[in-house]
Amino acid sequence: QVRLVESGGGLVQHGESLRLSCTASGDTARIVGMAWYRQAPGTQRDLVAAVNNGGGTSVADSVKGRFAVSRDGANLYLQMNDLKLEDTAVYYCASFNLVTTSTSGDAATWGQGTQVIVSS
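Quick caveat: nothing in here was measured; it's all calculated off a predicted structure. (Residues numbered from 1 in each chain as written. Predicted model: local features only at pLDDT ≥ 70, side-chain atom pairs only at ≥ 80, totals over all residues. Heavy atoms only, no water.)

## Structural notes on the state of the cysteines
A covalent bond bridging the sulfur atoms of two cysteines is what the word disulfide describes.
Alright, step 1. Scanning the model with the defined rule gives 1 disulfide in all.
Alright, step 2. Residue cysteine 22 pairs covalently with cysteine 93 via a disulfide, S to S 2.1 Å. The sign of the -75° torsion about the S-S bond sets the cysteine 22-cysteine 93 disulfide as left-handed. Within this pair, whereas cysteine 22 is found in strand 3 (residues 18–26), its partner cysteine 93 is found in strand 9 (residues 89–97), the two being separated by 71 residues in sequence.
Alright, step 3. Overall, cysteine 93 belongs to the buried group, its relative accessible area being 0%. (Disulfide = S-S within 2.5 Å. Helix = DSSP H or I, 4+ residues; strand = E, 2+ residues; numbered from the N terminus. Buried < 20%, exposed > 50% of the residue type's maximum accessible area, 1.4 Å probe, protein only.)

## Focus on unusual backbone geometry
A negative phi holds for most residues other than glycine; trans holds for most peptide bonds.
Alright, step 1. Within the chain, aspartate 82 stands out as a residue other than glycine whose phi angle is a positive 50°.
Alright, step 2. Along the chain, the position of aspartate 82 falls in the loop between strand 8 (75–80) and strand 9.

## Digging into the packing of aromatic side chains
Alright, step 1. Taken as a whole and assessed by the stated rule, the structure comprises 1 aromatic pair.
Alright, step 2. On the numbers, 4.9 Å between centres and 65° between planes, the contact of tyrosine 37 with tryptophan 110 is edge-to-face. One end of the pair, tyrosine 37, is in strand 4 (residues 31–39); the other, tryptophan 110, is in strand 10 (residues 108–110), with 73 residues separating them in the sequence.
Alright, step 3. Taking the relative accessible area as the measure of exposure, tryptophan 110 reaches 37% and is therefore partly exposed.
Alright, step 4. The lysine or arginine in question, arginine 45, covers the ring of tyrosine 92, its NZ or CZ lying 3.7 Å from the ring centre. (Phe/Tyr/Trp six-rings, centres within 6.5 Å; stacked < 30°, edge-to-face > 60°. Lys NZ or Arg CZ within 6 Å of the ring centre and 35° of its normal.)

## Notes on the pairing of strand 4
Alright, step 1. Most of strand 4 sits out of view: 7 of its 9 residues are buried.
Alright, step 2. Alignment of strand 4 against strand 9, held across 8 bridges, turns out to be antiparallel. Residue pairing in the sheet places alanine 35 in a bridge with alanine 94 of strand 9.
Alright, step 3. One ladder, built from 6 bridges, connects strand 4 with strand 5 (residues 46–52); its direction is antiparallel. Opposite tyrosine 37, over in strand 5, you have leucine 47 as the bridge partner.
Alright, step 4. Counting the residues in the hairpin turn of strand 4 and strand 5 gives 6 residues, including glycine 42, whose phi is positive at 75°. (Pairing = 2+ DSSP bridges.)

## Overview of the environment of phenylalanine 96
Alright, step 1. With respect to the helices and strands, phenylalanine 96 occurs in strand 9.
Alright, step 2. Since its relative accessible area comes to 29%, phenylalanine 96 is described here as partly exposed.
Alright, step 3. Filtering out sequence-adjacent residues up to four positions away, phenylalanine 96 remains in contact with Arg30, Ile31, Val32, Gly33, Met34, Ala35, Tyr37, Ala107 and Ala108. (Contact = heavy atoms within 4.5 Å.)

Just distances and angles here, no functional claims.
Structure (structure tokens):
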């Protein structure tokens, strides 16, 4: 079982920065990739950034140039700079886990989410 805990959210003014952290515990050897998603009220949960086990990263066009994702072992970070009002959302950490016919456990794990509110 993989467990994820996010932290670092809060209330900030537009133009300010936040750094989100996600700590994975449990059977972290099963993790093959990690990602940040966000969900604003009334919207779907969208991918923000992802890191695979080879170190490759990707970020959504909507945050490219402002957000940066990094990973240190089973710890995932999201540096959020120049925050905009439209960045307001609950941010979720996710892990994608090794699953085979001989391996038990879920293919994906979600954290509880951390709220980011950007004000004017």
